[in-house]
Amino acid sequence: MRRTVAALALSALTSCATAGTDAIFASGFDASRWVLGYYVGYEQGLYPIEQVDFSAVTHLMVGRARPLADGSVTTDFDIDDVNGPAWALSAVNGAHAAGRKAVLMVGGAGETDGWRSAASSAHRTTFVANLIGTADAYGFDGIDLDWEPLEDGDRADFAALAQALRNAWPQMILTVPVGWINANFAEPDPWWGTVAPLFDRIDVMTYDMAGPWDGWQSWHNSALYGETDSTPSSVSSSVAYFLASGVPASRLGVGTAFYGYCWQGVTGPHQDGGSIAAGDGTMSYASIATDYYSAAVAEWDSSARVPYLSSAAPLGAAGCNFVSYGDAASIAEKGAFVRAQGLGGTIIWTISQGHIASAPPGQRDPLLDAIRAAFLE
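In what follows, the accompanying structure is described. Computed from a predicted model, the values in this text were never measured in an experiment. (Residues numbered from 1 in each chain as written. Predicted model: local features only at pLDDT ≥ 70, side-chain atom pairs only at ≥ 80, totals over all residues. Heavy atoms only, no water.)

**Description of the environment of E187**
- Tracing the backbone shows E187 in the loop between β5 (173-179) and α5 (191-195).
- Given the relative accessible area of 65%, E187 is considered exposed. (Helix = DSSP H or I, 4+ residues; strand = E, 2+ residues; numbered from the N terminus. Buried < 20%, exposed > 50% of the residue type's maximum accessible area, 1.4 Å probe, protein only.)

**Structural notes on the sheet that holds strand β7 (residues 252-257)**
- Reading around the circumference, β1-β2-β3-β4-β5-β6-β7-β13 is the order of the 8 strands in this closed barrel, with parallel pairing throughout. Averaged over all adjacent pairs, the angle separating strand axes in this sheet is 30°, with direction ignored.
- In terms of strand pairing, strand β2 (residues 59-65) meets strand β3 (residues 101-107) through 6 bridges, oriented parallel. Each bridged residue has a counterpart across the sheet, and for M61 the counterpart in β3 is V103.
- Contacts from helix α9 (residues 366-376) reach β1 (34-40), β7 and β13 (345-349), with the element oriented near 165° to β13. (Pairing = 2+ DSSP bridges. Axes fitted to C-alpha atoms, helices over the stretch in contact; angles between N-to-C directions. Contact = heavy atoms within 4.5 Å.)

**Some points on the environment of N184**
- Along the chain, N184 falls in the loop between β5 and α5.
- Taking the C-alpha atoms as reference points, N184 and A289, 105 residues apart in sequence, are found 34 Å from one another.
- Aside from chain neighbours lying at most four places away, what touches N184 is T228, D229 and P232.

**Looking at the packing of helix α3 (residues 124-138) against helix α4 (residues 155-168)**
- One can describe the packing of α3 onto α4 by two numbers: an axis separation of 10 Å at closest approach and a directional angle of 50°. With respect to α4, the axis of α3 lies oblique. Considering the relative orientation of α3 and α4, their crossing is right-handed. Between α3 and α4, the residues in contact are R124, F127, V128, L131 and I132 and D157, A160, L161, A164, L165 and A168, respectively. (Parallel < 35°, antiparallel > 145°, perpendicular 65-115°, else oblique. Left-handed = near helix turned anticlockwise from the far one by under 90°.)

**A short note on helix α6 (residues 235-244)**
- In terms of burial, α6 is a largely internal element, 7 of the 10 residues being buried.
- Looking at α6, one finds that the buried residues are V235, S236, S237, S238, V239, Y241 and F242.
- Contacts from the buried residues of α6 go to β5, α5, β6 (201-205), β7 and α8 (328-341).
- In the stretch just after α6, G246 is the one whose phi turns positive, near 105°.

**Some thoughts on the state of the cysteines**
- Applying the stated rule across the entire model yields 1 disulfide.
- Two residues share a disulfide in this structure: C262 and C320, whose sulfurs sit 2.1 Å from each other. Residues C262 and C320 are joined by a disulfide whose S-S torsion is about -115°; by sign, that bridge is left-handed. Of the two residues, C262 sits in strand β8 (residues 261-264) while C320 sits in strand β12 (residues 320-324), which places them 58 residues apart along the sequence. Residues C262 and C320 agree in their burial class; the two are buried. (Disulfide = S-S within 2.5 Å.)

Take a look at the structure:
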């Protein structure tokens, strides 16, 4: 292991270098804005690594390892103990061959108990050693701490874990995805400013930002603007919160979903009632584009700056009346917003869900084409 447990004794690190062009990237590649594309084992059949369009991403976020209570981590990558490691190694090698970075995604939804025990003072030293050992074994360039939800009571152990990782591996890429903010409860929190120097990127998961919740009307999965009291979410309002909380703009990223939401019982935003029938994993952009979209039902929300499909008659196999999703136009709007705000880039969940395998060569990744134009060109 090139970074030893003894390195944990290094003095506390209070800041890390501003991210930019890096020697691991291909010569001449400017990564001032990062595009971090999540690539997960349970979707291995959707987008083979040899087909990934690396010209549109700067970092491949390979997932996932899971934190266990004793400070160990899994390496089956949601496949199995043999094929999972082989898949992950091929993903890392593919990213490096393309002159891009590979980052180990750790955690994800549903792993809170493992995080809390592994990051506690009783297991933290072991956990840090195992995280770095796993990263070394596969050749990862850094680690993504996907601790969600990160609750107030978790903050001390989370910050201590991030600091220990920085101490042990000062040059690592260290990122964290964080939740979006309900605009009705958006008092800035200076804690985020205190931990921001530990991370190269704090990326707001600005998707899954609507649901049939108390007090809410139907709304978009990832509205750029347009939040109201009854639809209190948008990319812009969440960004405003984290900037006001002290996160430097250059370290702050926003989320782009390569999937949408299928609503039933409502035909568009700002309507009462409705339910969600499909979302992440079941309502991929590839599925929307091939099985749901037609010009006759396509709409554009000029306030939210996102598209949607609207039909009183059920659409597709999921029987949707309102499909909220992102397309090339909304990605262009998001990219312009990121540039205007001086933000650090975007995360994509997940790049495989945008891949249209049945399309002709050169037309299979329209969302990644849009990402490249919006964020990297």
